[in-house]
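Fold and contact review
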Amino acid sequence: AETIFRHLRTRLPQDTDILLGLGDSLRGTMQDEEARLVYRDASIVDPASAEIEARVAQAIRPRWRLDLDGSLSILSQRGSDWQEGSARLSYILNDRTVITGGVEVTNRFRIVNTLIDARIDHRWSDSWTSYLRIGGSPDAVYRPIVFGEAGGTLRVIDGNGLFGATLLTLDSGYAKYDATEAMTASPGLQQYLLDGRLWISGKVIGTLADSAVTTRAPDGVAFARDRLSKVGGCSVRVDGMPTDRLTLFVGWADAPDTSDGRVIPTQAVYGGGIYDLNETVSVKLSAAHEQRVKSYDRTSVN
C-alpha cells in the first residue's frame, strides 16, 4: 500500500485522500513519525479538515517496551526464602507482530538458575492472535532445561455495551526438566463486560508428566519414580478498570504446578493492581499464596 500511495502522490501531490492513505500505510508499519509528516502535508492542503487534524494528533507509539519484575517468596517448610527477578525487552515490528526476549534469575533453595527465552506474538486478523515462546536454562537444576509454549486467542463474539467481546483462548507447552518431562494444555474462555472495563477469564488446565528419577528435589522432597502423572485443574481471574489509569485483578487456581521440576497439585489465590503513571510508565504490585499438596506453602509479594 505504501508503494502504491507514494506512486500516486507523485502524480497528485495535493490529493488529501492519497496523502491520508500514505500516512495510514506508514502507521501500519509503525513508521509513526514519517506518517505525521505526511498528515501535516495534508493539513496544509486542507487546514479545516477535522479528520486530518485527528490524524496529526495521533501519538507517536514507542516501538520498544521494557518490563522489569521482582518477587520475594516465603516458604513454610524446608529451605530458605525465594528471590526472583526478570527483565523482558519487546520490539514492535509492525502493527501485527511483536518480538520479545527475556532473562529470569531465580534463587530457590539457595540455588541460582537463569532462564533465557524468546517470544513472538502475531495478530493474524482482527479476531485471531497467536504466540510462540521457546527457551531454557543453561544451569538448570529446578528450572526447565528446555521448554516451548504456544497458544492464542480467537474472538467469537464482538459484543458491545454491557455484554462485550467473547474470546476463546488456548495455551499449551512442553518442558524438559532434570528429572521430569511435562506437557500442558489449557483451553479457556474470556468474557468482557461493561464496555471492556471488566473481564473474566477461566481456564481448564491439563498436565501430563513423566518422572523417572533416583535423586531428591532441591528442597529434600523425593520425586516419584517411573510414574506417568495425569493431573487436571482450573483457574479463574477477574480484571477491572475502576479508572482509566488503574487496573485491579484477583484470581484463584486449583491446578498442577511444575515451576520447579515436579508436578504438585496446588491451590493458589492472588491479587494486585497496575497503575499507569503516564502514557509510557506503569507500576504493578501483587501478592499470592499457594498451598501445595504434601509440600511447602508459599506466600509471595511481586
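Bear in mind the structure is a predicted one, so any value in this text is a computation, not a measurement.

What to know about the confidence of the model for the protein chain
Of the residues in the protein chain, 93% reach a pLDDT of 70 or more, and the chain-wide mean stands at 90. Of all helices and strands in the protein chain, the one with the weakest mean pLDDT is strand E10 (residues 227-240) (84), whereas strand E5 (residues 128-136) scores best (97). A low-confidence stretch, residues 222-226 (pLDDT under 50), is modelled with 16 contacts involving residues beyond four sequence positions or located in other chains.

Here we look at the packing of helix H1 (residues 2-11) against helix H2 (residues 16-28)
At a minimum axis distance of 9 Å, the contact between H1 and H2 shows a crossing angle of 150°. Taken as axis vectors, H1 and H2 run roughly antiparallel relative to one another. When you trace H1 past H2, the crossing you get is left-handed. Contacts from Glu2, Phe5, Arg6, Leu8 and Arg9 in H1 reach Ile18, Leu19, Gly21, Leu22, Ser25 and Leu26 in H2.

Digging into H2
Helix length check: H2 (13 residues) gives 18 Å between terminal C-alpha atoms against 18 Å at 1.5 Å per residue, within 8%. When you tally the buried positions in H2, you get 10 out of 13 residues, the bulk of the element. By the burial criterion, the buried members of H2 are Thr16, Ile18, Leu19, Leu20, Gly21, Leu22, Gly23, Ser25, Leu26 and Arg27. Where H2 is buried, its residues touch H1, helix H3 (32-45) and helix H4 (50-56). The opening residue of H2 is aspartate 15, an N-cap whose side-chain oxygen sits 2.9 Å from the backbone nitrogen of aspartate 17.

What about the pairing of strand E7 (residues 163-176)?
In this sheet, E7 lies alongside strand E6 (residues 146-157) in antiparallel orientation, the contact comprising 11 bridges. Counted as the bridge partner of valine 146 is lysine 176 from E7. Between the end of E6 and the start of E7, which pair antiparallel, lie 5 residues, with glycine 159 showing a positive phi angle near 65°. Examined bridge by bridge, E7 and strand E8 (residues 180-193) share 12 bridges and lie antiparallel to one another. Looking across to E8, one finds that leucine 170 is bridged to proline 187. Turn length for the E7-E8 hairpin, with the two strands adjacent in sequence and antiparallel, is 3 residues.

Notes on the pattern of salt bridges
Scanning the entire structure with this criterion turns up 24 salt bridges. Across the salt bridge formed by arginine 61 and aspartate 32, the nearest N and O atoms sit 2.8 Å from each other. Taken together, the residues span a long stretch of sequence, with arginine 61 in the loop between H4 and strand E1 (64-75) and aspartate 32 in helix H3 at a distance of 29 residues. Here aspartate 32 falls in the buried class, since its relative accessible area comes to 3%. Residues joined in a network through salt bridges with shared partners are Glu84, Arg108, Asp257, Glu290, Arg292 and Arg298.

Side note on a nonpolar patch on the surface
On the surface, Trp124, Trp128, Leu154, Val156, Ile157, Leu168 and Leu189 cluster together into a nonpolar patch covering about 650 Å² of accessible area. Top element by residues in the nonpolar patch is E6. It accounts for 3 residues. With respect to the element layout, leucine 189 can be found in strand E8.

About the thresholds
- Each chain carries its own residue numbering, running from 1 in the direction its sequence is written.
- Since the coordinates come from a predicted model, pLDDT governs what is reported: local features require at least 70, and pairs of side-chain atoms require 80 or more to be given and counted, while whole-chain, interface and lining totals use all residues.
- Hydrogens are left out, water is left out, and the side-chain values use all remaining heavy atoms of the structure.
- In predicted models, pLDDT denotes the confidence assigned by the predictor to each residue on a 0 to 100 scale.
- For the purposes of this entry, the term helix denotes a DSSP run of H or I that reaches at least four residues, the term strand denotes a run of E that reaches at least two, and both are numbered from the N terminus.
- In what follows, a contact means two residues having at least one pair of non-hydrogen atoms within 4.5 Å.
- With axes taken as lines fitted to C-alpha atoms, and helix axes fitted only over the stretch in contact, angles between N-to-C directions fall between 0 and 180 degrees.
- When an angle is under 35 degrees it counts as roughly parallel; over 145 it counts as roughly antiparallel; between 65 and 115 it counts as roughly perpendicular; any other value is oblique.
- Less than a right angle of anticlockwise turn of the near helix away from the far helix marks a crossing as left-handed, whereas a clockwise turn marks it as right-handed.
- Here, expected helix span is obtained from the residue count minus one, scaled by 1.5 Å.
- Relative accessible area decides the class of each residue, using a 1.4 Å probe on protein chains only: under 20% of the type maximum gives buried, over 50% gives exposed, and in between gives partly exposed.
- Here a polar contact is taken to be a pair of N or O atoms separated by no more than 3.5 Å, where protein atoms must pair a possible hydrogen donor with a possible acceptor and residues adjacent in sequence count only if both atoms sit in side chains.
- By definition, two strands form a pair when at least two bridges between them are found by DSSP.
- Salt bridge, as used here: a side-chain nitrogen of Lys or Arg that lies within 4 Å of a carboxyl oxygen of Asp or Glu.
- Patch members must show over 30% relative accessible area and no salt bridge, and they are joined within 9 Å when carrying like charges or within 5 Å when they are nonpolar side chains of Val, Leu, Ile, Met, Phe, Trp or Tyr.
- Computed with the Shrake-Rupley method and a 1.4 Å probe, the accessible areas treat only the protein chains shown as cover for residues.

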